[in-house]
Amino acid sequence: MDPYIISKEKNGVLLFTINRPDRRNAINYEVMSGLEKAIDMAAGNDIKVFAITGAGDQAFCSGGDLSAFHSLKTETQAYGMLSRMAGILYKLLVLPKPTIAILNGSAVGGGCEIASACDFRIGREGMKAGFVQGNLAITTGWGGGSILLEKLPQNIAMKMLLDAKIHTAEELRDFGFIHQIYKDDPIDACLSFMSGSLDKETTVLEAYKTMLNKKWKLLSMRERMEEEAARCAVLWEDDAHHKKVDEFMNKKNKNN
Ligand SMILES: CC[C@H](C(=O)O)C(=O)SCCNC(=O)CCNC(=O)[C@H](O)C(C)(C)COP(=O)(O)OP(=O)(O)OC[C@H]1O[C@@H](n2cnc3c(N)ncnc32)[C@H](O)[C@@H]1OP(=O)(O)O
């Protein structure tokens, strides 16, 4: 099974689907490479909107693949992975096309960071999401915390990060993290929510995103996301983090 799918949908939508449902669409290096490739494709003149979703109906994305990244023990090893994904999420943040995360299921940890890098987020009825990194004795590490602190009111963003709780779709809508709750087909929900962009000239869409990117540049977002990755790498090396991941892996092994 391919770990990701890139598909051209109706009306100029390019869709990236994380295709690891048996791992709740956890991100490994192959998915990272696919996302970077899709972002580059989305810059093409034939694309008006870039959308990201997850395969299946259980999860959008469960963050970093704890099995794949379990071998990363030191700050330097962790930084290599974290910095790579922070760079990809920055490319997503500043892509000069409207972007949307279709949260087809649970989004936790890095999954919330990917969603945060998109301009818009819609969530399927019943979905849940949370920045759970704090429960693993680390912080966000792909730049998603820095982005969240700019996209949501500071007190709400800080509460979400510090509490590391998983929230319902309704709570997430009240926070302003998701913009709409949908019931039916994810693609139809995306086309409907983005219809106002999809009927505009691509040049207009690019011009507005270029306007927004000026703000990210003035806020030094690239540097802040890189520093976030570096700070997370320091915490990653601590025993407290490895203990938490071991607990998850032991539970996983017990289940198998
Ligand atoms: C900077 C970002 C940072 C990083 O690591 O780089 C992070 O993203 S930290 C956060 C890492 N993610 C997590 O801690 C989430 C772990 N997963 C869960 O909490 C749950 O799986 C959940 C809520 C996503 C879904 O729960 P559900 O009950 O629906 O499913 P299961 O827990 O039974 O999981 C099914 C199956 O998938 C495997 N799985 C789930 N998440 C991951 C993951 N992140 N990495 C690897 N594998 C994952 C889980 O082990 C089960 O496998 P099985 O072989 O069937 O036991």
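Residues numbered from 1 in each chain as written. Predicted model: local features only at pLDDT ≥ 70, side-chain atom pairs only at ≥ 80, totals over all residues. Heavy atoms only, no water.

> I'd love a proper account of the overall build of the protein chain, names of residues and values included.
If you tally the helices and strands in the protein chain, you get 11 helices and 10 strands. In summary, the protein chain has a C-alpha radius of gyration of 17 Å against a globular reference of 18 Å for 256 residues, a match within 12%. By its C-alpha atoms, the protein chain is 50 × 40 × 35 Å across when sized along the principal axes. Long-range pairs, those at least 24 residues apart, make up 75% of the contacts in the protein chain between residues at least 6 apart in sequence. Working note: accessible area of the protein chain is about 11,600 Å², and carbon and sulfur atoms make up 53% of it. (Helix = DSSP H or I, 4+ residues; strand = E, 2+ residues; numbered from the N terminus. Rg over C-alpha atoms; globule rule 2.2 N^0.38 Å. Contact = heavy atoms within 4.5 Å. Areas by Shrake-Rupley, 256 points an atom, 1.4 Å probe, with all protein chains shown as cover.)

> An account of the sheet that holds strand S9 (residues 167-168) is requested, with residue identities and associated values reported.
Sheet strands line up and pair through hydrogen bonds in the backbone, either parallel or antiparallel. The strand order S4-S6-S8-S9 describes an open sheet built from 4 strands, whose pairing is mixed. The two strands at the open ends of the sheet, each matched to only one other strand, are strand S4 (59-61) and S9. (Pairing = 2+ DSSP bridges.)

> So what about the pattern of salt bridges? Which residues, and what values?
The final tally for this structure, using the stated rule, is 11 salt bridges. One salt bridge in this structure joins Lys91 and Glu36, with 3.6 Å as the shortest N-O distance. One end of the pair, Lys91, is in helix H2 (residues 75-93); the other, Glu36, is in helix H1 (residues 29-42), with 55 residues separating them in the sequence. By relative accessible area, which is 30% here, Lys91 ends up partly exposed. Linking Glu150 and Arg224 is a salt bridge whose minimum nitrogen-to-oxygen distance equals 2.8 Å. Here Arg224 lies in helix H10 (residues 221-237) and Glu150 lies in helix H4 (residues 144-151), a separation of 74 residues in the sequence. Given the relative accessible area of 26%, Glu150 is considered partly exposed. Taken together, the salt bridges that share partners define one network made up of Glu36, Asp40 and Lys91. (Salt bridge = Lys/Arg side-chain N within 4 Å of Asp/Glu carboxyl O. Buried < 20%, exposed > 50% of the residue type's maximum accessible area, 1.4 Å probe, protein only.)

> Lay out the sheet that holds strand S10 (residues 180-182) with the relevant residues and their values.
The mixed open sheet is built from 6 strands, whose spatial order is S1-S2-S3-S5-S7-S10. Every interior strand has two partners, whereas the edge strands, strand S1 (4-8) and S10, have only one. Averaged over all pairs of adjacent strands, the angle between strand axes in this sheet comes to 20°, irrespective of strand direction. Bridging between strand S7 (residues 120-124) and S10 involves 3 bridges; their strand directions are parallel. What sits directly across from Ile122, in S10, is Gln180. (Axes fitted to C-alpha atoms, helices over the stretch in contact; angles between N-to-C directions.)

> Talk me through a nonpolar patch on the surface; I want residue IDs and the actual numbers.
A surface patch of nonpolar side chains, about 330 Å² in accessible area, is lined by Val204, Tyr208 and Met211. Tracing the backbone through its elements, the reader meets Val204 in helix H9 (residues 202-218). (Patch = residues over 30% accessible without salt bridge, like charges linked within 9 Å, V, L, I, M, F, W, Y side chains within 5 Å.)

> Lay out the site of the ligand with the relevant residues and their values.
Surrounding the ligand, one finds 24 residues, the nearest of these being Arg24, Ser62, Gly64, Leu66 and Gly110. Here an oxygen atom of the ligand sits 3.0 Å away from a polar atom, N or O, in the side chain of Arg24. Residue Leu66 places a main-chain N or O atom 2.9 Å away from a nitrogen atom belonging to the ligand. Coverage of the ligand by the protein chains reaches 79% of its 1,000 Å² of free accessible surface. Of all the elements in the fold, those that place two or more residues in the shell around the ligand are H2, helix H3 (110-116) and helix H11 (239-255). Its residues assigned to classes, the shell around the ligand shows 9 nonpolar, 9 polar and 6 charged. (Near = heavy atom within 4 Å. Polar contact = N/O pair within 3.5 Å; in protein donor to acceptor, adjacent residues only side chain to side chain. Nonpolar A, V, L, I, M, F, W, Y, C, P; charged D, E, K, R; others polar.)

> Give me the environment of Thr53: which residues, what numbers.
Relative to the helices and strands, Thr53 resides in strand S3 (residues 49-54). If we skip the residues at most four places from it in the chain, Thr53 touches Leu15, Phe16, Thr17, Ile18, Phe60, Ile102 and Asn104. Only 2.9 Å separates the side chain of Thr53 from the backbone oxygen of Ile102, close enough to count as a polar contact. Here the side chain of Thr53 touches Asn104 through a polar contact of 3.2 Å, side chain to side chain.

> Could you give an account of the packing of aromatic side chains, naming the residues involved and the relevant values?
If you walk through the whole model with that rule in mind, you get 4 aromatic pairs. With 5.2 Å between their ring centres and 65° between their planes, Tyr29 and Phe69 make a pair best called edge-to-face. Pair noted here: Tyr29 is in helix H1 and Phe69 is in the loop between S4 and H2, with a separation of 40 residues, a long-range link. Geometrically, the ring pair formed by Phe131 and Phe177 is edge-to-face, given 5.8 Å between the ring centres and 75° between the ring planes. With Phe131 in the loop between strand S8 (128-130) and H4 and Phe177 in the loop between helix H6 (169-175) and S10, this pair connects stretches of sequence that are 46 residues apart. (Phe/Tyr/Trp six-rings, centres within 6.5 Å; stacked < 30°, edge-to-face > 60°.)

Remember that the coordinates give geometry; whether it matters functionally is a separate question.
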